[in-house]
Amino acid sequence: MDTFVIKGGRRLRGRVRVNGAKNACLSQMAAALLTDEPVTLRDVPDLRDTRNMVTLLESLGCQVQAADDFHQHKISVTDPSQSVAHYNIVRTMRASICVLGPLLAKRGKARVSMPGGCNIGDRPVDLHLRGLRALGANITLHEGYIVAEAPAGGRLQGAGVFLGGAYGSTVLGTSNVMSAAVLAQGTTVIESAACEPEVADLAKMLNAMGARITGAGSPRITVQGVESLHGTDHTVIPDRIEAGTYIMAAAVTNGDIVLENCPTDALTAVLDHLGHIGVEVDSATGQEPGGSASEPGADDPMRRSVRVGSCRRLNPIQVVTQPHPGFPTDLQAQIMALLSLADGNSIITEKIFPDRFLHVPELARMGADMIRNGPSVLVSGVRQLVGAPVMASDLRASAGLVLAGLAAQGTTIINRVYHLDRGYERMEKTLQGLGADIERVNVST
Ligand code: EPZ
């Protein structure tokens with residue numbers, strides 16, 4: 001099992017390119033099940049989750065040809081008779097649920113293991129099932145599996161669907177219902193759809209395959225069903241959560257970095273909050289230290305080159321995580337690490353996954369001063385964090401601990417970094433390239 005050993009106190013400097021978005025790519029890989037023609041995806045991040053999705057698609061009768069050092073996939077359906085997403089794969093990645101809609105729409109049936117919970121909280125799928133039932137699917141639960149069948153005749157029927165839940169909409173639920181609706185007979189209107197950029201990018205890819213989707217990225221998505229889809233060649237949007245993580249890594253070390261391929265247009269709330277904290281994120285001129293000219297398309301608001309700097313004094317703020325375009329729950333642990341060094345008291349409230357605080361006691365081991373009260377945490381800024389052995393518990397909590405370790409005095413040992421490998425491509429290499437003193441150490445246990 002791998003650990004990270006971080007010797008803190010180094011200011012990050014240099015240039016890093018943001019990878020393709022994990023949370024766009026996974027549902028786009030699943031969408032390849034909707035066509036008999038090959039689908040090519042570019043800028044696929046090399047992660048445990050994307051590799052698990054390849055394994056899942058292969059078990060569902062797909063051939064996946066990876067190229068360009070795993071960053072390009074050509075996905076072809078070779079055996080459409082397989083429609084079971086087995087527990088042994090789904091339990092490794094709950095996002096596997098995103099094959100349910102495409103399988104149901106294209107093959108008329110699906111058996112997908114219930115994903116189960118995880119460390120950030122219960123992960124129900126009731127909204128997914130509500131949406132697919134609205135399209136006429138017959139769905140039962142049997143021995144831990146979701147068993148779904150299209151109506152007799154095999155085609156789903158367009159309908160009005162409301163996807164609002166107690167914690168807002170559902171990102172993968174919207175992706176599932178939208179993907180299923182593209183082959184349904186008639187028109188589907190999804191009300192209270194998730195507005196995340198990853199949903200909009202999936203719709204862009206599906207439309208390039210011949211779907212007729214409007215409104216993606218807004219709370220109301222309209223899908224006019226078509227008979228079939230053809231293949232496409234799609235480039236995954238940059239990962240706004242990876243970008244936000246490295247921006248905060250620069251800020252917490254009082255560094256000075258340039259981020260290329262940065263989706264600033266998907267980070268409005270994050271950049272607004274960071275601005276109030278005292279973190280400047282400006283368009284890079286291309287003349288920065290250690291820099292080459294910005295990457296082509298730098299004027300694309302989803303692929304900008306930006307320079308990150310910060311004041312030595314960080315201001316405290318209030319943060320409330322919300323569905324997009326609000327502040328993303330996936331950057332909550334990271335901004336908590338940053339605010340643990342602010343000059344005053346901050347309050348962080350988690351509205352999406354109210355128990356997503358496993359990083360709090362670990363940050364406290366490093367000297368952070370925090371008090372949790374239900375879905376909120378009061379963060380009293382301290383002058384210095386101190387390195388310590390800590391335990392990673394989930395993907396984004398682990399990222400928060402890395403940021404704290406980069407800023408801390410002394411050495412931080414982060415155990416179970418396999419959590420990080422799910423969503424960050426070789427994070428230690430990226431941080432080493434920015435001057436951090438971080439090593440991946442294999443601890444045989
Ligand atoms: C996606 O998960 C992301 N994962 C998560 O990122 C992200 O935290 C989450 O959206 C919220 O933005 C992927 O895209 C692969 P939800 P998803 O359905 O779609 C409740 C990461 O770190 N809910 O939008 O599974 C749910 O419990 C991961 O990259 C229901 O009640 O999340 C939660 O409180 C972690 N019923 C809220 O809605 C349902 O049927 C939002 O969940 C579905 C969800």
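Values in this document were obtained by computation on a predicted structure and should not be read as measured data.

A. Just the overall build of the chain, in detail. Secondary structure assignment for the chain yields 14 helices and 24 strands. The C-alpha radius of gyration of the chain comes to 22 Å, within 12% of the 22 Å expected for a compact globule of 445 residues. Referenced to the eigenvectors of the C-alpha coordinate spread, the extents of the chain come out at roughly 65 × 45 × 45 Å. Classification of the 445 residues of the chain by burial places 58% in the buried group. Here the contacts in the chain between residues at least 6 apart in sequence split such that 75% fall between residues at least 24 apart. With the model as given, the accessible surface of the chain reaches about 16800 Å², and the carbon-plus-sulfur share is 48%. In the chain, 41 positive and 44 negative side-chain charges are present, and the distance between their average locations comes to 2 Å.

B. Structural context of helix H7 (residues 197-208). The end-to-end C-alpha distance of H7, which contains 12 residues, comes to 17 Å, matching closely the 16 Å that a straight helix rising 1.5 Å per residue would cover. Positive backbone phi, approximately 110 degrees, marks Gly210, located one or two places after H7.

C. Geometry of the sheet that holds strand S13 (residues 220-224). What the 4 strands build is an open sheet, ordered S10-S11-S13-S12; its pairing is mixed. Two strands in the sheet have a free side with no partner beyond their single neighbour: strand S10 (160-162) and strand S12 (212-214). Across the sheet, the mean angle from the axis of one strand to that of its neighbour is 15 degrees, orientation sign disregarded. In the sheet, S12 pairs with S13 via 3 bridges, with the strands oriented antiparallel. Its bridge partner being in S13, Ile213 is matched across the sheet by Val223.

D. A look at the packing of aromatic side chains. Applying the stated rule across the entire model yields 1 aromatic pair. Aromatic side chains Tyr246 and Tyr424 sit 6.4 Å apart centroid to centroid with 75 degrees between the ring planes, which places their arrangement in the edge-to-face category. Of the two residues, Tyr246 sits in helix H8 (residues 240-252) while Tyr424 sits in the loop between helix H13 (418-421) and helix H14 (427-433), which places them 178 residues apart along the sequence. In this structure, Tyr246 and Tyr424 share a single accessibility class: buried. A cation over an aromatic ring shows up here: Arg51 above the ring of Phe70, its NZ or CZ 4.1 Å from the ring centre. In this structure, Arg111 packs its charged tip against the face of Tyr145, placed 5.2 Å from the ring centre.

E. Molecular detail of the environment of Ala67. By the secondary structure assignment, Ala67 is in strand S4 (residues 62-67). Residue classification places Ala67 among the partly exposed residues on the basis of a relative accessible area of 33%. Expressed as a C-alpha distance, the spacing of Ala67 and Ile190, which sit 123 residues apart in the sequence, is 36 Å.

F. Representation of the packing of helix H1 (residues 22-31) against H7 in the model. Close contact between H1 and H7 brings their axes to 9 Å; oriented N to C, the two are set at 30 degrees. Judged by the inter-axis angle, H1 sits roughly parallel to H7. Crossing geometry of H1 relative to H7 is assigned as right-handed. Two secondary-structure elements touch here, H1 through Asn23, Ala24, Ser27, Gln28 and Ala31 and H7 through Glu198, Asp201, Leu202, Met205 and Leu206. Partitioning the contact of H1 with H7 into residue classes produces 5 nonpolar, 3 polar and 2 charged.

G. Looking closely at the nonpolar core. Core analysis: the biggest nonpolar cluster contains 78 residues, and Val99, Met178 and Leu206 have the highest contact counts within it. When residues of this core are assigned to their parent elements, the largest contribution, 6 residues, is made by H1. Excluding residues within four positions of it along the chain, Val99 makes contact with Ala30, Leu33, Met53, Leu56, Leu60, Ala85, Val112 and Asn176. Grouped together as the second largest cluster of nonpolar side chains are 68 residues, Leu259, Ala342, Leu420 and Ala436 included.

H. Spotlight on the site of the ligand. The local shell around the ligand holds 24 residues, among which Asp126, Leu127, Thr170, Asp330 and Ile352 are the closest. Within the backbone of Leu127, a nitrogen or oxygen atom sits 2.7 Å from an oxygen atom of the ligand. Burial of the ligand by the surrounding chains reaches 91%, relative to a free accessible area of 820 Å². Of all the elements in the fold, those that place two or more residues in the shell around the ligand are H1, helix H5 (126-134), helix H6 (171-181) and helix H12 (395-407). Looking at the shell around the ligand element by element, the count peaks at 3 residues for H5.

I. Spotlight on the pattern of salt bridges. Applying the stated criterion across every chain, the model contains 21 salt bridges. In this structure, Arg313 and Asp343 form a salt bridge, with 2.9 Å as the shortest nitrogen-oxygen distance. Here the residue Arg313 occupies a position in the loop between strand S17 (304-310) and strand S18 (318-320), and Asp343 occupies one in the loop between helix H10 (332-339) and strand S19 (345-349), the gap between them amounting to 30 residues. A residue is classified by how much of its surface remains accessible, and Arg313, at 48% relative accessible area, is partly exposed. Note on Asp343: relative accessible area 45%, which makes it partly exposed. Taking the shortest distance from any N to any O, the salt bridge between Arg426 and Glu425 comes out at 3.0 Å. Among the residues examined, Glu425 registers a relative accessible area of 8% and is labelled buried. The structure contains a network of salt bridges with shared partners spanning Asp2, Asp421, Glu428 and Arg440.

What counts and what doesn't
Residues numbered from 1 in each chain as written. Predicted model: local features only at pLDDT ≥ 70, side-chain atom pairs only at ≥ 80, totals over all residues. Heavy atoms only, no water. Helix = DSSP H or I, 4+ residues; strand = E, 2+ residues; numbered from the N terminus. Rg over C-alpha atoms; globule rule 2.2 N^0.38 Å. Buried < 20%, exposed > 50% of the residue type's maximum accessible area, 1.4 Å probe, protein only. Contact = heavy atoms within 4.5 Å. Areas by Shrake-Rupley, 256 points an atom, 1.4 Å probe, with all protein chains shown as cover. Lys, Arg positive; Asp, Glu negative; His and termini not counted. Charge placed at Lys NZ, Arg CZ, Asp CG, Glu CD. Expected span 1.5 Å × (residues − 1). Pairing = 2+ DSSP bridges. Axes fitted to C-alpha atoms, helices over the stretch in contact; angles between N-to-C directions. Phe/Tyr/Trp six-rings, centres within 6.5 Å; stacked < 30°, edge-to-face > 60°. Lys NZ or Arg CZ within 6 Å of the ring centre and 35° of its normal. Parallel < 35°, antiparallel > 145°, perpendicular 65-115°, else oblique. Left-handed = near helix turned anticlockwise from the far one by under 90°. Nonpolar A, V, L, I, M, F, W, Y, C, P; charged D, E, K, R; others polar. Core = buried A, V, L, I, M, F, W, Y, C linked by side-chain atoms within 4.5 Å. Near = heavy atom within 4 Å. Polar contact = N/O pair within 3.5 Å; in protein donor to acceptor, adjacent residues only side chain to side chain. Salt bridge = Lys/Arg side-chain N within 4 Å of Asp/Glu carboxyl O.

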